[in-house]
Amino acid sequence: NKMPKIWKDKNRKRFVVDARDIGGGQPSFKTEGEAIEKLRSWTSDDVLGKFIDPGKAVNFKTCIDAWLQSNQQREDFGDIGAGELGNMVNNARHICKFSFGPKLVDVLVSDLRAGPLTKIILPQIRVGRAPATAQKLLVHFKAIFKDAVLSEFIAYDPARDLKLPKTSNANDVEDVTASRRGEKSLAERITRSNVADIISAADEKHRRIIEMIAFTGCRVGELRAATWDQIDFGDEDNGAIFRIDRAIKKGGKVGDPKTSSGFRSVALDDDLVTMLREWKISQPLEERGKNLIFPTREGNIADGDNWRNRGILLACKKAGVENVTLRELRHFFASILIFDSGISEASVTELMGHTDINFTKKQYATWLKSGKRDKELAQKLTELRRASN
């Protein structure tokens, strides 16, 4: 096949792309720039000297489906876990809602250019999302284009240079723009009184789970995998601790914590010790087979989605407070450490299981500054908790 050429129709004063040899006809354009842009949408890198037949162009939805299918195969081979694939499916749903004049999914992928993607799609990726969430969505968005090149739907990748702007405190859990959107900030939603109301409103089963995350800062995956062997109830000389040394990984298997720093011991306050002692005694026999602290009724590893939907979200509704997630309860524990315990930033890093202190500073930048400024007096976790009841 011959490569398309551009020539000027002097009578009509328009620029014509002669693409008859590749099935594209002879479209004309008002400016030479428009003609060149269309030519680029039909051709690949000059180095390769290939082109994509415009008659075989597919819409962006086809590219999304092909990308998901290829990752389903990766999951089947064990290259990625079910959780990672689930994140891809979820982000694909978000991407399918993007607008590009018409719906993005209906646009021919060969008509998508870097400039319009930057101006039209990047804002939709960012709006209403935390920087980290937006970044993950962008990674998947760009992966769809890479897969489209491999599938030969397009000859070059118009999304390869898309980037989100860097923002100060991009990893800070405190969203300072929440009030501008008419929403409550994280600090307003996870006050001690709100968390106490949520715990009181939860049913007995989920109350224990909510208490453990709120007052130990453990991750959901760490608590789902936790066994009674990890609980040391202490004695006259030593306090009670929760040794965190395992977690549920993507795909549902038990493995090590998220990072090497995830191996840690967290002190248990008196109320948690009492709750755990009573639960260990009263736990039904059919649940004890695998020694899990909070298993299903059959004794298997619990489903985190059930903890969310039937546990904390339902408790929030009953308590009449804005929704708080289990992950945000982990941030609640961090807020206690920062504002009320008087411990160092290094100790906060250790107890939260963070990789290093710099991550902690980025994650809780706003809170750490406030904690230093206010210089609140330290109180024991037990006293703080009972004071809010």
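Residues numbered from 1 in each chain as written. Predicted model: local features only at pLDDT ≥ 70, side-chain atom pairs only at ≥ 80, totals over all residues. Heavy atoms only, no water.

1. A word on the side chain of glutamate 222
When you line up the elements, glutamate 222 lands in helix H9 (residues 220-225). Note on glutamate 222: relative accessible area 1%, which makes it buried. The contacts of glutamate 222, once residues within four sequence positions are left out, are Ile244, Arg246, Ala247, Pro257, Gly262 and Arg264. (Helix = DSSP H or I, 4+ residues; strand = E, 2+ residues; numbered from the N terminus. Buried < 20%, exposed > 50% of the residue type's maximum accessible area, 1.4 Å probe, protein only. Contact = heavy atoms within 4.5 Å.)

2. Examining the pairing of strand S8 (residues 264-267)
The alternating pattern of S8 places Arg264 and Val266 on a buried face and Ser265 and Ala267 on a face that is not buried. The sheet contact formed by strand S5 (residues 241-244) and S8 spans four bridges and is antiparallel. Of the residues in S8, the one forming a bridge with phenylalanine 242 is valine 266. (Pairing = 2+ DSSP bridges.)

3. Quick look at the sheet that holds strand S1 (residues 5-9)
Across the sheet, three strands lie side by side as S1-S2-S3; this open sheet has antiparallel pairing. If you trace the sheet from one side to the other, it starts and ends with S1 and strand S3 (28-29), each paired once. Across five bridges, S1 lies against strand S2 (residues 14-18) in antiparallel orientation. Considered in S2, the bridge of tryptophan 7 is made with valine 16.

4. Digging into the sheet that holds S8
On the basis of which strands lie adjacent, the open sheet formed by three strands has the order S4-S5-S8 and antiparallel pairing. Since the sheet does not close on itself, it has two edges, and those belong to strand S4 (231-232) and S8, each with one partner.

5. Re the nonpolar core
Formed by 51 residues in total, the largest nonpolar core has its most connected members in Ile210, Leu223, Leu276, Phe294 and Leu329. Contributions of two or more residues to this core are made by helix H7 (192-201), helix H8 (204-216), S5, helix H10 (270-282), helix H11 (304-319), helix H12 (326-341) and helix H13 (345-352). If one sorts the elements of this core by residue count, H12 sits on top with nine residues. If we skip the residues at most four places from it in the chain, isoleucine 210 touches Ile198, Ile199, Ala202, Gly311, Ile312, Ala315, Leu326 and Leu329. With 35 residues, the next largest nonpolar core counts Ala66, Met88, Leu117 and Ala134 among its residues. (Core = buried A, V, L, I, M, F, W, Y, C linked by side-chain atoms within 4.5 Å.)

6. A short note on the packing of aromatic side chains
Tallied over the full model, the rule gives five aromatic pairs. Centre to centre, the rings of phenylalanine 215 and phenylalanine 332 are 5.7 Å apart; their planes meet at 90 degrees, and the pair counts as edge-to-face. A residue pair is termed long-range when its members are at least 10 positions apart, and phenylalanine 215 in helix H8 and phenylalanine 332 in helix H12 qualify at 117 residues. Chaining the aromatic ring pairs together yields one cluster made of Phe60, Phe98, Phe141 and Phe145. (Phe/Tyr/Trp six-rings, centres within 6.5 Å; stacked < 30°, edge-to-face > 60°.)

7. A look at the confidence of the model for the protein
Predicted coordinates in regions of low pLDDT should not be interpreted in detail. Per-residue confidence for the protein averages 83 on the pLDDT scale, and 82% of its residues sit at or above 70. Mean pLDDT in the protein bottoms out at helix H15 (residues 365-374), which sits at 58, and peaks at S4, which reaches 96. Of the regions scoring below 50 in pLDDT, residues 44-50 engages in nine contacts with residues more than four places distant in sequence or in other chains. For residues 373-379, every residue scores under 50 in pLDDT, and the model assigns this stretch 10 contacts once sequence neighbours within four places are set aside. (pLDDT = per-residue confidence, 0-100.)

8. Points about the pattern of salt bridges
Throughout the structure, instances matching the rule amount to seven salt bridges. For arginine 189, the salt bridge is made with glutamate 328, and the minimal N-O distance between the two is 2.8 Å. On the criterion of sequence distance, the pair formed by arginine 189 in helix H6 (residues 186-189) and glutamate 328 in helix H12 is long-range, its members being 139 residues apart. Across the salt bridge formed by glutamate 222 and arginine 264, the nearest N and O atoms sit 2.9 Å from each other. Taken together, the residues glutamate 222 in helix H9 and arginine 264 in strand S8 connect sequence positions 42 residues apart. Each member of the pair glutamate 222 and arginine 264 is classed as buried. In the salt-bridge network here, residues are joined through shared partners; they are Arg219, Glu222 and Arg264. (Salt bridge = Lys/Arg side-chain N within 4 Å of Asp/Glu carboxyl O.)

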